[in-house]
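A structural walkthrough
Spelled out from the first residue to the last, the chains are:
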Amino acid sequence: MDRVTSASTPEQPALAGLEVPAAPRRRRVAAPPGPAARLPVARVCVDLAPPHLDRPFEYLVPETLDDAARPGVRVKVRFAGQDVDGWLLERVEQADHEGRLLPLRRVVSSEPVVAPAVARLARAVADRWAGSLADVLRLAVPPRHARVEGEVDAPDSGEAVAGAVVAAPAPGAPAWEAYRGGPAFLRHVLAGGAPRAVWTALPGTGEHRWAAAVAQAVATTLLGGRGALVVVPDARDVDRVCTALRETGLTDVSEGGPVTRLVAEDGPAARYRSFLATLRGRARVVVGTRASAFAPVADLGLVVCWDDGDLQHAEPRAPYPHVREVLALRSELEGAALLVGGHARTVEAQHLVATGWAHEVSADRAGVRARTPRVRALTSVELAREGPAAAARLPAPAWRVLRDALVLGPVLVQVPRAGYVPVVACGRCRTPARCATCHGPLGLTSGDGPPSCGWCGRLATGWRCDECGAAALRSVRVGSERTAEELGRAFPGTTVRVSGARAAGGVLSEVPDRPALVVATPGAEPHAPGGYAAAVLLDAAVASAGERLGAEVDALRRWLGAAALVRPEGQVLLVGDGAVRPTQALVRWDPAGLAERELDERAELRLPPAVRVASLTGTRDAVAAVVTRVDVPVLEVLGPVPVPQDDRGAALEPEVRTLLRVPPADGAALAAAVAASVAIRSARREGGTVRVQMDPADVL
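From a predicted model like this one, the values you see are computed outputs, not experimental measurements.

Reading guide: rules and limits
- Within any chain, residue numbers begin from 1 and follow the written order of that chain's sequence.
- This being a predicted model, a pLDDT of at least 70 is required before a residue's local features are given, and a value of 80 or more before pairs of side-chain atoms are given or counted; all residues contribute to the totals for chains, interfaces and linings.
- Side-chain numbers come from the whole structure's heavy atoms, not from hydrogens or water.
- We count a stretch as a helix when DSSP gives it H or I for four or more residues in a row; a strand needs E for two or more, and each element gets its number in order from the N terminus.
- Relative accessibility thresholds used throughout: buried, under 20% of the residue-type maximum; exposed, over 50%; partly exposed, between the two (1.4 Å probe, protein chains only).
- A contact between two residues is defined here by any heavy atoms of the two lying within 4.5 Å.
- Working definition of accessibility: Shrake-Rupley area with a 1.4 Å probe, residue cover restricted to the visible protein chains.
- Between any two strands, at least two bridges found by DSSP are needed for them to pair.
- The axes are straight lines fitted to the C-alpha atoms, using for helices just the contacting stretch, and the angles between their N-to-C directions are given from 0 to 180°.
- Here the word oblique covers every angle except those under 35 degrees (roughly parallel), over 145 (roughly antiparallel) and from 65 to 115 (roughly perpendicular).
- The sense of a crossing depends on the near helix, which, turned anticlockwise from the far helix by less than a right angle, makes the crossing left-handed and, turned clockwise, makes it right-handed.
- Ten residues, namely Ala, Val, Leu, Ile, Met, Phe, Trp, Tyr, Cys and Pro, are considered nonpolar, four, namely Asp, Glu, Lys and Arg, are considered charged, and the remaining ones, Gly among them, are considered polar.
- Stacked, tilted and edge-to-face are the three classes assigned to paired rings of Phe, Tyr and Trp, where Trp is represented by its six-membered ring and a pair needs centres within 6.5 Å; plane angles under 30 degrees give stacked, over 60 edge-to-face, the rest tilted.
- Ring-over charges, as used throughout, are those where CZ of Arg or NZ of Lys falls within 6 Å of the ring centre and within 35 degrees of the ring normal.
- The term salt bridge refers to a pairing of a side-chain nitrogen on Lys or Arg with a carboxyl oxygen on Asp or Glu at a separation within 4 Å.
- Confidence per residue, as judged by the predictor, is encoded in pLDDT with a range of 0 to 100.

A word on the overall build of the chain
For the chain, the count of helices and strands is 20 helices and 26 strands. The 700 residues of the chain split such that 48% are buried. Taking as baseline every contact in the chain between residues at least 6 positions apart, the subset at least 24 positions apart corresponds to 73%. Surface accessibility of the chain: about 33100 Å² in total, with carbon and sulfur atoms responsible for 52%.

Section: the environment of leucine 549
Mapping leucine 549 onto the fold places it in the loop between helix 15 (540-544) and helix 16 (551-563). In sequence terms leucine 549 and leucine 607 are 58 residues apart; their C-alpha atoms lie 9.1 Å from each other.

Focus on unusual backbone geometry
Cis geometry is adopted by the peptide bond preceding proline 319, which originates at alanine 318 and carries an omega value of 5°. Among the structural elements, proline 319 can be located in the loop between strand 10 (300-306) and helix 9 (323-334). With omega at 5°, the peptide bond leading from proline 608 into proline 609 counts as cis. Within the element layout of this structure, proline 609 appears in the loop between helix 18 (591-605) and strand 23 (612-618). Residue aspartate 539 is not a glycine yet carries a positive backbone phi of 55°. Note on placement: aspartate 539 falls in the loop between strand 21 (532-537) and helix 15.

Digging into the sheet that holds strand 14 (residues 411-414)
An order of 13-22-21-14-20-19 is seen for the six strands of this open sheet, with the pairing classed as parallel. On the outer flanks of this sheet lie strand 13 (374-378) and strand 19 (496-499), each paired with one strand and no other. If you compare each strand with its neighbour and ignore which way they point, the axes differ by 20° on average. In the sheet, strand 14 pairs with strand 20 (residues 517-520) via four bridges, with the strands oriented parallel. When the sheet's bridge partners are listed, valine 411 is paired in strand 20 with leucine 517. Together, strand 13, strand 14, strand 20, strand 21 and strand 22 (566-575) form the strand contacts of helix 13 (residues 396-406), whose direction differs from that of strand 21 by roughly 160°. Contacts from helix 17 (residues 580-588) reach strand 13, strand 21 and strand 22, with the element oriented near 150° to strand 13.

Structural notes on the packing of helix 16 against helix 17
It is the contact of helix 16 with helix 17, at a shortest axis distance of 9 Å, that shows an interaxial angle of 30°. Relative to helix 17, helix 16 is oriented roughly parallel. Pair helix 16 / helix 17 crosses with right-handed handedness. Residue-level inspection shows Glu552, Leu556, Trp559 and Leu560 of helix 16 in contact with helix 17, the latter providing Arg581, Pro582, Thr583, Ala585 and Leu586. Classifying every residue of the contact of helix 16 with helix 17 by side-chain character gives six nonpolar, one polar and two charged.

Describing the sheet that holds strand 23
With respect to topology, four strands assemble into an open sheet ordered 24-25-23-26, the strand pairing being antiparallel. On the outer flanks of this sheet lie strand 24 (636-642) and strand 26 (690-694), each paired with one strand and no other. For this sheet the average axis-to-axis angle between neighbouring strands, irrespective of direction, equals 15°. In this structure, strand 24 lies alongside strand 25 (residues 656-662), joined through five bridges in antiparallel fashion. Bridging across to strand 25, proline 642 finds its partner in valine 656. This element, helix 19 (residues 620-628), spans strand 23, strand 24, strand 25 and strand 26 of the sheet and lies at about 145° to strand 23.

What to know about the packing of aromatic side chains
Per the stated rule, a full pass over the model turns up nine aromatic pairs. Each ring, one from tryptophan 210 and one from tryptophan 306, has its centre 4.2 Å from the other, and the planes form 5°; the classification is stacked. Within this pair, whereas tryptophan 210 is found in helix 6 (residues 210-223), its partner tryptophan 306 is found in strand 10, the two being separated by 96 residues in sequence. For the pair tryptophan 210 and tryptophan 306, a shared accessibility class is recorded, and that class is buried. Linked through ring pairs, Trp176, Tyr179, Phe185, Trp199, Trp210 and Trp306 together constitute an aromatic cluster. Sitting over the face of the ring of tryptophan 129, arginine 128 holds its NZ or CZ atom 5.3 Å from the ring centroid. Sitting over the ring of tryptophan 357, arginine 196 keeps its end group 4.0 Å from the ring centre.

What to know about the pattern of salt bridges
With the rule as written, the count across this model stands at 40 salt bridges. Of the charged contacts in the structure, one is a salt bridge between aspartate 135 and arginine 138, with a shortest N-O distance of 2.6 Å. In this pair, aspartate 135 and arginine 138 are both assigned in helix 2 (residues 133-140), three residues apart and thus about one turn of the helix distant. Looking at aspartate 135, the relative accessible area reads 15%, which means it is buried.

Some words on the confidence of the model for the chain
Looking at the chain as a whole, its pLDDT mean stands at 87, while 89% of the residues score no less than 70. Between residues 1-12, whose pLDDT stays under 50, and residues either more than four places distant or in other chains, the model counts zero contacts. Note that pLDDT drops below 50 for residues 647-651; the model gives that stretch five contacts with residues more than four away or on any other chain.

And the structure:
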């Protein structure tokens, strides 16, 4: 029989597990899209932290993204093997990079969130504070909220902008008539100019309050066909300015007007909605807090910084810019008018006046006397006449002022500390009481409970002094809650309200014009529509003490902030042995005089703002490596000196601080040199950390 074989079947079956798998069918891959026909190269600011990456990176714009990849949009790019976020800064015809360019991965959103003016400002801020562009853009551009982008419609070719300008009312300026240079400033703004002014505001109610003056300046700017930006410390001040704008006829965007508020406390959606309304031209006036200094207001004509000495204006994130300086840079870059105002005068604002960069807008002495309450300070000599009662925290003169003023209306009591008794000490030897576990300071949260630690929160039951063994405690600092309790006992039947971040009711915005005692910490004083009948400022020595730079100027600013809420016929009483200079400036109501004297002393001692200073803080080797590479012609190196560390940081590597000081003319060179040195350290991956701050508020 013939054997029949087939080529398609093997003569012998394969062993189990050794079968040869069939070759997979290859999927046809589409060819990558070609580059855009016009401006095919995109320069992108990549959102990465390392300082040596602070430069635009070039990417190829695919033909499919040609329409969406506009300057200012958010993009995704490939960097170091991973997808990262970035902002498209510009598109150019040819690349500077000689190698192959990677294409853009995708356009995240079609919204050009980085306007050209904001991009220039962000670059200037990064250069001035020795930071990176990515760090500044994170501060300037709020996080994306996709749902909000879809619900807000863009205006048609500038029609909303034109309508907003036409809707601006013809302004009256009664609030500015009391100031020398005030009406001239408004006339210059109306004519399209860019004047720069430092304004010392007087107390007032109604159309003469500071918010009304700001609203009148904004209305004048709109009447001239330009936009305005107002930056204030907190949301309460935002509400006051928005209310004053409504009184001038300027309503919110939601009501068809040109005004929007830009406040982080309103939440991500509300903040992004206001940002888009400004970006798309629907809002011509932005009123907001710190981050709103970068708001993309079109055709900006006026920038206002109110109460520039408030700590809320200092950015706590790198590169640590200050609102006052950001707005000053913006006024120069965009040709806008600048108004830096407050009841007090900071040394930095006085420096702008002294150098001739800005002009002073203030009232004459007759106007000051007519609009301010009578101020009296209780000195040690006057208290000595009271005998044993002088040792009381509320001496007899203060008690009489409170009693007499309560008949007329609400009375304000300012206390520099929050809480009940935030600091206690041994009742026998007066050694500060410390926690046995972490050595943190002990304090009392109520009148009948044991002390607790301000760091770890542990209760110090059975505490005894390590020095003398005593168990008794005495108060060192009395807070607002204990003060309210004492006043409630001293004035039975009187309403006592507490305003502060730690108070049960939080920070009060306004109190009625009825007799009541209002206890508040600095900055948390609520407004009274008709003004307070009197104000008592307690613990003046605590408020004005301290070795930090500008402690006296800051104490005067807090005192004037409370005193400005008092009626012109009212009385302000300063209790406690405060520092002599701020006390005298308060009695005379002369904040400019104190700022001028403080500036002269700083110029003699070569301290900011008379000089430019870079503060480098970190491990000793890291700081030394950065300083070695800084090459500026006129450079003073101060330090390194150890940074004080409390017991919580004892386990960490000790840090030092070095100050680099140059004349003002070399400030830009110093910032550039420090930034370059830090970038080299980052590229080489040198160990240790270094924190860089230009012109820090506290250098002592």
